[in-house]
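Structure at a glance
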Amino acid sequence: MIGLKGRLNVIDNSGATLVECIQVLRAGSHARIGDEIVCVVQRSRTVGVTQGNQQSQQKVKRGDVRHALVVRTKKEVRRPDGRYIKFDDNACVLINNKGEPLGSRILGIVGAELRDKGKYSKILTLAQRVV
Amino acid sequence: MAALCRSCMTLRLTSTRSYITRSSLSRLTSPDKAPARYTAPREIPIHAALPGPPEKNPMPSLTQRLMDRYDVSGEKAALVRRDNPDRIRPGHVVSVFTYTNYPSKAGVSVFSGYVIGIRRAGLETCLMLRNQLVKTGVELRIPLFSPTVREVRIIKRDPPSRRRIRRAKLFYFRKPEHDRGSVAGFVKADEAARQRKK
């Protein structure tokens with residue numbers, strides 16, 4: 001259940017580490033696993049030695065406004081067979097308007113609710129584990 | 001009310017109402033007969049009472065019927081029956097095998113974890129399992145009698161003696177200082193032991 005001001009860990013390598021939700025792109029309720037949100041980057045990984053090399057430039061910095069996909073929530077989510085799953089933290093993956101991830105790797109587990117949405121196949125394949 | 005003036009045979013209205021009703025007219029025209037008022041019919045049919053529900057509380061018999069359907073062998077019920085010494089207890093490590101595409105029995109997925117609670121609610125009895133996957137805690141609440149649950153296997157029973165479980169619900173496992181971590185080691189050891197037995 002992610003709403004305005006909700007904070008999520010970012011589990012891809014886009015550069016951001018913590019984002020704050022400013023808008024839930026789902027009519028009239030909080031974001032669950034598989035919902036998109038608009039968020040502001042609160043903390044990002046320090047680049048270290050800047051090298052002007054394209055590959056070492058990180059894609060997002062603190063203060064950037066981006067879209068993200070919620071992949072884990074602390075609030076339990078019901079599955080059609082009556083099971084409930086919940087994770088120890090709230091996590092997301094930064095995406096672009098088409099639903100493609102900004103990063104190239106996803107570190108950690110994502111919820112299997114992403115499979116039902118249909119357009120996040122790339123994220124599902126990148127994830128280390130789908131639970 | 002209207003009154004007939006017998007002397008002049010005119011209708012004299014004696015009431016504040018300025019109209020003549022059917023009953024008042026009939027009273028005038030036939031004053032000796034009984035007034036034509038509505039009377040209830042003599043026979044009022046009284047119907048026999050409908051049969052009520054067969055039992056006052058249908059839940060126990062419904063639960064029993066569903067239990068007979070979903071737990072034919074009685075194995076699942078034995079896992080949580082309180083008088084069974086080999087029942088699942090909080091703190092045990094358990095693997096739950098579920099059909100991924102029920103009703104097809106083809107794909108089976110496994111979730112293992114510590115039992116941090118058993119919610120006993122008849123047919124809706126749930127096991128609460130907790131595990132660490134890739135350093136993230138995952139909790140799963142599984143309805144034991146669901147037909148999608150194929151098997152519940154106890155991987156490890158007794159914790160080390162210095163860590164005896166003294167609670168029914170082990171939600172304190174969520175705190176980092178009490179978190180037992182991943183059960184992957186126990187599952188692997190159990191799998192190896194099963195392979196050796198074969």
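Look up: the structure comes first, before these words.
Read on for an overview of the structure.

Below, the discussion takes up the overall build of chain A. Secondary structure summary: chain A contains 2 helices and 9 strands in total. Relative to its length of 131 residues, chain A is compact, with a C-alpha radius of gyration of 14 Å against a globular reference of 14 Å. The C-alpha extent of chain A, read off along each of the three principal axes, is 50 × 30 × 25 Å. Evaluated residue by residue, chain A yields a buried proportion of 48% over its 131 residues.

On to the packing of aromatic side chains. Here the structure, examined in full by the defined rule, presents 4 aromatic pairs over all chains. Between B:Tyr114 and B:Phe186 the ring centres are 6.5 Å apart and the planes differ by 85 degrees, which places this aromatic pair in the edge-to-face class. Highlighted residues: B:Tyr114 in strand β4 (residues 108–119) and B:Phe186 in helix α4 (residues 184–197), separated in sequence by 72 residues. Classification of B:Tyr114 by relative accessible area gives buried; the value is 6%. Accessibility expressed as a relative area gives 29% for B:Phe186, which makes it partly exposed. On the basis of an interplanar angle of 80 degrees and a centroid distance of 5.2 Å, the ring pair of B:Tyr172 and B:Phe173 is categorised as edge-to-face. Classification of B:Tyr172 as partly exposed rests on a relative accessible area of 29%. A relative accessible area of 1% places B:Phe173 in the buried class. Through a chain of ring-to-ring contacts, the aromatic side chains of B:Tyr114, B:Tyr172, B:Phe173 and B:Phe186 assemble into a single cluster. Over the aromatic face of A:Tyr84 sits the side chain of B:Arg141, whose NZ or CZ is 4.6 Å from the ring centroid.

Bringing the layout of surface pockets into the picture now. The volume enclosed by the largest pocket comes to roughly 840 Å³. Lining the largest pocket are 32 residues, with A:Arg79, A:Arg83, A:Val131, B:Thr100 and B:Ser109 positioned closest to its centre. Elements with a contribution of two residues or more to the lining of the largest pocket: α1 (114–117) and β9 (129–130) of chain A together with β3 (93–99), β4, β5 (126–133) and α4 of chain B. The element that contributes the greatest number of residues to the lining of the largest pocket is β4(B), accounting for 4 residues. Within the lining of the largest pocket, the residues separate by chemical class into 15 nonpolar, 9 polar and 8 charged.

Here the focus is the sheet that holds strand β7 (residues 149–156) of chain B. Taking strand neighbours across the sheet as the criterion, the 7 strands line up as β5(A)-β6(A)-β6(B)-β5(B)-β4(B)-β3(B)-β7(B) in an open arrangement whose pairing is antiparallel. Lying at the two open borders of the sheet, with one neighbouring strand each, are β5 (77–78) of chain A together with β7 of chain B. Sheet analysis places β5(A) next to strand β6 (residues 84–87) of chain A, joined by 2 bridges and oriented antiparallel. Counterpart to A:Arg78 in the pairing with β6(A) is A:Tyr84. Strands in contact with α4(B) are β3, β4 and β7 of chain B; relative to β7(B), the strand with the most contacts, it is inclined by about 100 degrees.

Moving on, we get to the sheet that holds strand β2 (residues 16–24) of chain A. Residue and element names in this part refer to chain A. Read around the barrel, 5 strands follow the order β1-β2-β3-β4-β7 and close on themselves; strand pairing throughout is mixed. The mean angle between the axes of side-by-side strands here comes to 55 degrees, regardless of whether they run parallel or antiparallel. Note that strand β4 (residues 65–72) and strand β7 (residues 91–95) share 5 bridges and pair antiparallel. When the sheet's bridge partners are listed, Val70 is paired in β7 with Cys92.

Before going further, it helps to spend a moment on the pattern of salt bridges. Opposite charge on two side chains permits them to pair, given that their charged atoms come into close proximity. Tallied over the entire structure, the rule returns 18 salt bridges over all chains. Linking B:Arg130 and B:Glu139 is a salt bridge whose minimum nitrogen-to-oxygen distance equals 3.0 Å. Comparing B:Arg130 with B:Glu139, the two get one shared label, buried. The partner of B:Arg153 in a salt bridge is B:Glu151, and the shortest N-O contact between them spans 3.1 Å. Overall, the relative accessible area of 17% leaves B:Arg153 in the buried class. Residue classification places B:Glu151 among the partly exposed residues on the basis of a relative accessible area of 26%. When salt bridges that share partners are traced, they join A:Asp88, B:Arg130, B:Glu139, B:Arg174 and B:Asp179 into one network.

Residues and elements named next belong to chain A. For the structure on display, the rule yields 0 disulfides over all chains. Cys21 carries a free sulfur, and the closest cysteine sulfur to it, the one in Cys39, is 7.3 Å from it. The buried category is assigned to Cys21, whose relative accessible area is 0%. Cys92 provides the cysteine sulfur closest to Cys39, a residue in no disulfide bond, and the two sulfurs are 5.4 Å apart.

Another aspect to go through is unusual backbone geometry. In this structure, the amide linkage connecting B:Tyr102 to the following residue, B:Pro103, adopts the cis form with an omega of 10 degrees. Position of B:Pro103 among the secondary structure elements: in the loop between β3 and β4. The phi dihedral of A:Lys5 falls on the positive side, at around 75 degrees, and the residue is not glycine. Note on placement: A:Lys5 falls in the segment before β1 (7–10). The class for A:Lys5 is exposed, based on a relative accessible area of 59%. A positive phi angle, close to 65 degrees, is found at B:Lys135, a residue other than glycine. Of note, B:Lys135 is situated in the loop between β5 and β6 (136–143). For B:Lys135, a relative accessible area of 80% puts it in the exposed group.

Rules and cut-offs
Residues numbered from 1 in each chain as written. Chains lettered and ligands numbered in written order. Predicted model: local features only at pLDDT ≥ 70, side-chain atom pairs only at ≥ 80, totals over all residues. Heavy atoms only, no water. Helix = DSSP H or I, 4+ residues; strand = E, 2+ residues; numbered from the N terminus. Rg over C-alpha atoms; globule rule 2.2 N^0.38 Å. Buried < 20%, exposed > 50% of the residue type's maximum accessible area, 1.4 Å probe, protein only. Phe/Tyr/Trp six-rings, centres within 6.5 Å; stacked < 30°, edge-to-face > 60°. Lys NZ or Arg CZ within 6 Å of the ring centre and 35° of its normal. 1 Å grid on protein atoms, 1.4 Å probe; cavity = no way out; pocket = protein on both sides within 12 Å on 5 of 7 lines; lining within 4 Å. Points joined across faces, edges and corners; volume = space filled by probe spheres on them. Nonpolar A, V, L, I, M, F, W, Y, C, P; charged D, E, K, R; others polar. Pairing = 2+ DSSP bridges. Contact = heavy atoms within 4.5 Å. Axes fitted to C-alpha atoms, helices over the stretch in contact; angles between N-to-C directions. Salt bridge = Lys/Arg side-chain N within 4 Å of Asp/Glu carboxyl O. Disulfide = S-S within 2.5 Å.

What is shown is where atoms sit, not what they do.
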